[in-house]
Amino acid sequence: MSDILIVDDERDIRELVSDILEDEGYSTRLAGNSDECMAAINTEPPGLLILDIWLKDSRMDGIDILKTVKRDNPDVPVVIISGHGNIEIAVAAIKQGAYDFIEKPFNIDQLMVVIRRAMETSRLRRENASLKRKEVTSADMIGKSASFRTMQSQLDKVTKSNGRVMLSGPAGSGKEIAARYIHAHSNRSNAPFVTVNCAGIEPERVEEVLFGRESSERGIEAGLLEEAHGGVIYFDEVADMPLGTQSKILRVLVDQQFQRVGGSDKVRVDLRVISSTNRDLEAEISGDRFREELYHRLNVVPIAVPSLEERREDIPVLAQHFIEMCNESQGLTAREISEEAVALLQTMTWPGNVRQLKNLIERVLILGDGSGPIEARELPAEEEKADETGRVVLSGALATLPLREAREAFEREYLLTQINRFGGNISRTASFVGMERSALHRKLKSLGVVTSNKSGARVAQLDEPEPAE
């Protein structure tokens, strides 16, 4: 997209403009009718299109070509020229997306000013879009636990295809980062990544936001689907999409085209679709809240994103990563984390998952009053943690039990937490709690604690007795 395509039915005019532009250092291509013009654009979109509005012996006039170009190649600026110019034609061209309108016979200096401005505007738009794609959310995947490695292996397998991916997992677990990882390692990495926040768009505006709109007052306004052309469209929490919109998105997936709100032209798009959800979509289908056909279209490759509870081994490396991020982006002190603080982080409950951990680290760095290691006392207290005097504060439920039952309940929860903290590794757990491995196995059996595989990792859980027949 570096050259200029000149389209005019008068050979002298197009060659004159070409000679002037080439003297200024631009490369050019020439077309004398609409067929030659569209063939040149389909071969390689130009950096700028100079377009005569009246074309003899052509199937399309300049306005028709303009509409097609702004539909299929919206980043290409178009400068309209005409020897029959009037205010109505100029207004119509600008509303259809033309950058500017120049009347023949034109002043060469005026033409060069318009061309330079149009090329600069186009360059800035491309750079701005590229910066937006890079700055919004990192595509770095951080972790080493078994469940994390299993997920990353699945993501790596889908990066080189165009298959639709459905990411499932609890809120805050990092589903958008997983989607961006797919995009960053795909052959569309230099194309747009556009996020559709299905829960954050007002229901009455969803179609306008997705498909764009056309009106006589404001011309063409591109929607998110059009912005994502050639790249990835990411439907974040797709279960929140209104039912009426779901049927239209289904049609887009089938046809790869749609109509803007208020428009009549078909807009063709080349998209890879990635979706995410924290709900059971099959239950949503049973409740008539999600279209089954759309589910099957989106759920070509399902990938589970594990919760932070399922990857406690990753908490130290994630915490360190967030410290470095806060240092780079906000200038907060890059502190270390003490072993006691790490142990506490790995035993805490994380209903907000990775997002909650990130927010906690940022809060500790902001409120911290030193540059030394982060200590356990700086972390928020939970039930059954030590108070300021070192005493353990019991929960109400544990305090009402007889000593033997309370001890068993504590040991059971303590060992469940420690085993999951070490990714199901019994040897590391035994070393930390100060028990022989064989003794730990006996203790776990007496407490009804078993380990099993989940999401590629060993997870400790209570041994549920089989129901009596």
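Residues numbered from 1 in each chain as written. Predicted model: local features only at pLDDT ≥ 70, side-chain atom pairs only at ≥ 80, totals over all residues. Heavy atoms only, no water.

K.L.:
Would you take a moment to explain the overall build of the protein for this structure?
P.N.:
Summing up its helical and strand segments, the protein has 19 helices and 16 strands in all. Per-residue burial over the protein gives 42% buried out of 469 residues. A fraction of 69% describes how many contacts in the protein between residues 6 or more apart in sequence connect residues 24 or more apart. (Helix = DSSP H or I, 4+ residues; strand = E, 2+ residues; numbered from the N terminus. Buried < 20%, exposed > 50% of the residue type's maximum accessible area, 1.4 Å probe, protein only. Contact = heavy atoms within 4.5 Å.)

K.L.:
Is there a simple way to think about helix α19 (residues 437-447) in this case?
P.N.:
Quick reminder: α-helices carry 3.6 residues per turn. Residues three or four places apart thus point the same way. Taken as a whole, α19 has its buried residues at Leu440, Leu444 and Leu447. Along the axis of α19, the buried positions cluster into a sector of 70 degrees, meaning they face one direction only. Exposed residues lying more than 90 degrees from the buried face of α19 are Arg442, Lys445 and Ser446. Trailing α19 by a residue or two, Gly448 shows a phi angle of about 75 degrees, which is positive. (Arc of directions from axis to C-beta.)

K.L.:
Which parts of the structure should I look at to understand the confidence of the model for the protein?
P.N.:
Detailed reading of predicted coordinates is not advised where the pLDDT is low. Overall, the predicted model of the protein reaches an average pLDDT of 85, with 90% of residues at or above 70. Ranking the helices and strands of the protein by mean pLDDT puts strand β6 (residues 165-168) first, with 98, and helix α16 (residues 396-399) last, with 60. (pLDDT = per-residue confidence, 0-100.)

K.L.:
Which parts of the structure should I look at to understand the packing of aromatic side chains?
P.N.:
Aromatic ring pairs: the centre-centre distance and the angle between the two ring planes describe each pair. Using the criterion set out here, one finds 4 aromatic pairs in the structure. Ring geometry for Phe211 versus Phe258: centroids 5.5 Å apart, planes at 40 degrees, classification tilted. Note that Phe211 is positioned in helix α8 (residues 206-211) and Phe258 in strand β11 (residues 257-259), a separation of 47 residues in sequence. Across the pair, exposure class does not vary: Phe211 and Phe258 are buried alike. Considering the side-chain rings of Phe410 and Tyr414, the 5.7 Å spacing of their centres and the 20 degrees angle between planes classify their relative orientation as stacked. (Phe/Tyr/Trp six-rings, centres within 6.5 Å; stacked < 30°, edge-to-face > 60°.)

K.L.:
What am I meant to see in the sheet that holds strand β7 (residues 193-197) here?
P.N.:
Picture the strands of a sheet paired through backbone hydrogen bonds; they go either parallel or antiparallel. On the basis of which strands lie adjacent, the open sheet formed by 5 strands has the order β7-β10-β13-β6-β14 and parallel pairing. With partners counted over all chains shown, the strands left at the sheet margins are β7 and β14 (301-304), one partner each. The mean inter-strand angle of the sheet, taken between neighbouring strand axes irrespective of direction, is 20 degrees. When β6 meets β14, the two strands line up parallel, connected through 4 bridges. Within the sheet, the bridge partner assigned to Met166 lies in β14 and is Pro302. Strands in contact with helix α6 (residues 146-158) are β6, β13 (272-277) and β14; relative to β14, the strand with the most contacts, it is inclined by about 155 degrees. In the packing of helix α7 (residues 175-184) onto the sheet, contacts are made with β6, β7, β10 (232-236) and β13, and the angle to β7 comes to roughly 155 degrees. (Pairing = 2+ DSSP bridges. Axes fitted to C-alpha atoms, helices over the stretch in contact; angles between N-to-C directions.)

K.L.:
Is there a simple way to explain the packing of helix α14 (residues 339-347) against helix α17 (residues 403-421) in this structure?
P.N.:
Helix packing for two helices is described by the angle between their axes and how far apart those axes are. Put simply, α14 and α17 touch, their axes get as near as 9 Å, and they point 105 degrees apart. Overall, the two elements α14 and α17 adopt an arrangement that is roughly perpendicular. For the pair α14 and α17, contact is made by Ala343, Gln346 and Thr347 and by Thr417, Gln418 and Arg421, respectively. The residue makeup of the contact of α14 with α17, split by class, is 1 nonpolar, 4 polar and 1 charged. (Parallel < 35°, antiparallel > 145°, perpendicular 65-115°, else oblique. Nonpolar A, V, L, I, M, F, W, Y, C, P; charged D, E, K, R; others polar.)

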